[in-house]
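Listed below are the residues making up each chain.
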Amino acid sequence: MKLKSILFLATALIFLASCDRPDCKNTNPVFDSNGLESNTYKQELIKEMDRIGKSNLTYWLSSYSEQNGKEFITVNIQGGDLCAKGLLQVTDWKNIEGIKRNKGVSYIGAQLKGLTFDIITTEESVDFIYKNVERIVD
């Protein structure tokens, strides 16, 4: 009986470890010296995402926040040598209602497969607007 318990525990730990976001380290000084809400940070993020290719990126939920009556999710963005965060404004909670209900708490660290968002650039600002996610891998 103990052997079954040990095997079950070992399998569960391996499964949990495999769901975690891979470690990465930011090497871009622009991300270190600017807040992720700044236009400089966002413009650099767009440049890096285009360089690597959006299909080569993975997204992981980092947090939920509210600012000035608007709702946001912060996502870890990884791919190639990119290791950054992105702040996405959410106006339509399609497919991520659970994140809003729980203010992100139970979904922190979940992978957002098939995440899509619009990038709206004006003279004053650069905004990332959530569109959809195919599924949440928690």
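Just so it is clear, the model here is predicted, and its values are computed rather than measured.

Points about the packing of aromatic side chains
Where two aromatic rings form a pair, the distance of their centres and the angle of their planes describe that pair. With the rule as written, the count across this model stands at 4 aromatic pairs. When the centroid spacing of 5.9 Å and the interplanar angle of 90° are considered together, the rings of Tyr59 and Phe117 count as edge-to-face. In this pair, Tyr59 is assigned in strand β1 (residues 58-67) and Phe117 in strand β5 (residues 116-121), connecting sequence segments 58 residues apart. The same class applies to Tyr59 and to Phe117, which are both buried.

Comments concerning the pattern of salt bridges
Counted according to the given criterion, the structure contains 8 salt bridges. Close ionic contact of Glu71 with Lys100 constitutes a salt bridge, the shortest N to O distance being 3.5 Å. Here Lys100 lies in helix α4 (residues 97-101) and Glu71 lies in strand β2 (residues 70-79), a separation of 29 residues in the sequence. By relative accessible area, Lys100 is classed as partly exposed at 35%. Of the charged contacts in the structure, one is a salt bridge between Lys131 and Asp118, with a shortest N-O distance of 3.8 Å. Note that Lys131 is positioned in strand β6 (residues 126-132) and Asp118 in strand β5, a separation of 13 residues in sequence. With relative accessibility at 40%, the residue Lys131 sits in the partly exposed group. One network of salt bridges, in which partners are shared, links Glu48, Arg51 and Asp81.

The rules behind these values
Residues numbered from 1 in each chain as written. Predicted model: local features only at pLDDT ≥ 70, side-chain atom pairs only at ≥ 80, totals over all residues. Heavy atoms only, no water. Phe/Tyr/Trp six-rings, centres within 6.5 Å; stacked < 30°, edge-to-face > 60°. Helix = DSSP H or I, 4+ residues; strand = E, 2+ residues; numbered from the N terminus. Buried < 20%, exposed > 50% of the residue type's maximum accessible area, 1.4 Å probe, protein only. Salt bridge = Lys/Arg side-chain N within 4 Å of Asp/Glu carboxyl O.

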